[in-house]
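Commentary on secondary and tertiary structure
Letter by letter, the chains look like this.
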Amino acid sequence: MFALLLGGNALQGTALLMAPDIARLLSGQNELIVTAYEDRLAQMRVEIDRLQSRNYAQAGDINLQLQELSVQQEALLEQHQLVRALVTKADELGLAALGDVDEQVPVSPSTTSGNPDVAATSASVVQMMDETQRAMNGIASAATERTASIVGELSKLGIEVDLPQSALSGMGGPLLAAESGADLASPSLDDANAVMEALLQYKAARDSLELAPVHMPITGNFRQSSGYGNRKDPFTGGRAFHSGLDFAAPTGTTVLSAGEGVVIFAGQRSGYGKVVEVEHGNGLVTRYAHLSAFLSQKGQRVQTGTPIAKVGSTGRSTGPHLHFEVHRADKSVDPKPFLDTGKRILSMLN
C-alpha cells in the first residue's frame, strides 16, 4: 500500500508536465493556456512537497533525488514566469505563433519494484524546461525575422529605422572577488533579457512603419485611373508629367492619412484645387489633392488612417478622384513603391 500510494503521487506529479498545453501556447491560445499551465505547475509543486515531507528510508537515496527534483522545479517556475512576461509582450505586438513542440512527454512513473521513478520525473521536468526555452527562442526568432523584414523593406525606400541598441544592458555594482560555490546569475534571466531586446527592436520597427507613408490613402470602391510619370494630358492632349497617382472614387469618399504625421497645409493650390499635406519625418511629405472638403487642419497631429479630407474634383480635374503624391526633400517621387511596400509588410504582419 505504501508503494502504491507513493507511485500514485509520482504519477500525478508527472502527469502535470503539460507538453500539449505548451504546444497550444505556441499556437496562439496564450492567455488561456498560460493560466492553466500555472495551475498545474502549482499542483506539481504540492505533489513534490508532499513526497519530500515523508521519510523514505527504505527507498535508499530517493530523498536526495527528490531534493534535486525540487531544485529543478524551482528553476522551471522561474523560467515560466519569464516566459509569461514575454508572451504577454509578444501578444501586444501581434506575435502569436511561436513554433512547435512535441505533443507528448514520455513518462515512467514507477520502477519495476513499484517505487516511484524520480529520475523519469526529473527527466520530464527537464524536457518541459527545454520546451519553455524553445518558446522563448521562438518569440525571439519571430521578432527578429519581422524586424529584419520591416527594416529591409523600408530601407529600399530610403527610410532609416532607428532601432534601440542594448536597451536592457544597464548593470553595475561594486567589484568584489568571486566566491567559491556561489551560483552564477540565472541563465533564464539572461535569455529572457535577450528575447525582450528582440521584442523592443520589433516594436521600434513597427513604430517606424506607422510613421512611413506606406498605407493606402483611400478604401472602398475605387480604381487607379492614372500613374506616376509622363502621360497624355487629359486637357491639352499633349505629353505632360504626372507627379502622383490618381484614384477614381465618388465625391465625398473619405481620404485617409497614409502615415502618422502633422498636417502642414490645408487650403487651395493652383491646379490642385483643395489640398491637404502631411509631414511624416525622414524628409517625406504626402499631398492629397482635388478634394471636396477638409476633415483636418494645419498643425493637427494625425495617425495612420486618420480621415483628413473628402474626395472631390476641384482644381484641374476631369472628374471626382484623389490625386496622391509623395515628396522627398520638396521633390515628388513615385508613390507606388511606397504603397506596394506597405501591402507586403501588412501581409506579413497579418
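All of these numbers come straight from a predicted model, not from anything done at the bench.

Scoring rules and cut-offs
- Residues numbered from 1 in each chain as written.
- Predicted model: local features only at pLDDT ≥ 70, side-chain atom pairs only at ≥ 80, totals over all residues.
- Heavy atoms only, no water.
- Helix = DSSP H or I, 4+ residues; strand = E, 2+ residues; numbered from the N terminus.
- Buried < 20%, exposed > 50% of the residue type's maximum accessible area, 1.4 Å probe, protein only.
- Contact = heavy atoms within 4.5 Å.
- Areas by Shrake-Rupley, 256 points an atom, 1.4 Å probe, with all protein chains shown as cover.
- Salt bridge = Lys/Arg side-chain N within 4 Å of Asp/Glu carboxyl O.
- Phe/Tyr/Trp six-rings, centres within 6.5 Å; stacked < 30°, edge-to-face > 60°.
- Lys NZ or Arg CZ within 6 Å of the ring centre and 35° of its normal.
- 1 Å grid on protein atoms, 1.4 Å probe; cavity = no way out; pocket = protein on both sides within 12 Å on 5 of 7 lines; lining within 4 Å.
- Points joined across faces, edges and corners; volume = space filled by probe spheres on them.
- Nonpolar A, V, L, I, M, F, W, Y, C, P; charged D, E, K, R; others polar.
- Pairing = 2+ DSSP bridges.
- pLDDT = per-residue confidence, 0-100.

A tally of regular secondary structure across the protein chain gives 7 helices and 12 strands. A burial count over the protein chain gives 43% of its 350 residues as buried. Partitioning the contacts of the protein chain with sequence separation of at least 6, the portion at a separation of at least 24 is 70%. Total accessible area on the protein chain is roughly 17,700 Å²; 52% of this is exposed by carbon and sulfur atoms.

A separate point is the pattern of salt bridges. According to the stated counting rule, one finds 10 salt bridges in the structure shown. As a salt-bridge pair, Glu325 and Arg287 come within 3.4 Å of each other at their nearest N and O atoms. With Glu325 in strand S11 (residues 321–328) and Arg287 in strand S8 (residues 284–294), this pair connects stretches of sequence that are 38 residues apart. Taken together, the shared-partner salt bridges in this structure form one network comprising Arg269, Glu277, Arg287 and Glu325.

Take the packing of aromatic side chains next. Evaluated as defined, the whole model comprises 3 aromatic pairs. Each ring, one from Tyr228 and one from Phe241, has its centre 5.2 Å from the other, and the planes form 85°; the classification is edge-to-face. In this pair, Tyr228 sits in the loop between strand S1 (223–226) and strand S2 (229–232) while Phe241 sits in strand S3 (residues 239–242), placing the two residues 13 residues apart along the sequence. One Lys or Arg, Arg269, reaches over the ring of Phe265 and ends 4.0 Å from the middle of that ring.

Attention now goes to the layout of surface pockets. Approximately 390 Å³ is the volume attributed to the largest pocket. What lines the largest pocket is a set of 23 residues, and nearest its centre among them are Arg231, His242, Asp246, His290 and Arg316. For the lining of the largest pocket, the elements supplying multiple residues, two or more each, are S1, S3, strand S4 (245–248) and S11. Considered class by class, the residues forming the lining of the largest pocket number 6 nonpolar, 12 polar and 5 charged.

Here we take up the side chain of Lys89. Structurally, the position occupied by Lys89 is in helix H4 (residues 62–92). With sequence-adjacent residues up to four places away left out, Lys89 is seen in contact with Met196, Leu199, Leu200 and Lys203.

The next thing to look at is the environment of Ala135. In this structure, Ala135 sits in helix H5 (residues 118–156). Separated by 49 residues in the primary sequence, Ala135 and Leu86 have C-alpha atoms spaced 9.5 Å apart.

Time to look at the pairing of S3. With 4 bridges joining them, S2 and S3 adopt antiparallel strand pairing. Note that in S3 the partner of Gly229 across the bridge is His242. Counted along the chain from S2 to the antiparallel partner S3, the turn is 6 residues long, and its residue Gly237 has a positive phi close to 80°.

When the pLDDT values of the protein chain are averaged, the result is 76; 64% of them are 70 or greater. Segment residues 1–28: pLDDT under 50, and 66 contacts once partners within four positions in sequence are set aside and those in other chains are kept. Across residues 97–115, confidence stays below pLDDT 50; counting only partners more than four residues off in sequence or on other chains, it has 45 contacts.

Another aspect to go through is the pairing of strand S6 (residues 261–269). In this sheet, strand S9 (residues 301–302) lies alongside S6 in antiparallel orientation, the contact comprising 2 bridges. The residue of S9 that forms the bridge with Val262 is Arg301. Sheet analysis places S6 next to strand S7 (residues 273–281), joined by 7 bridges and oriented antiparallel. Following the sheet pairing, Ala266 is matched in S7 by Val276. Adjacent in sequence and paired antiparallel, S6 and S7 are bridged by 3 residues, among which Gly271 carries a positive phi angle near 85°.

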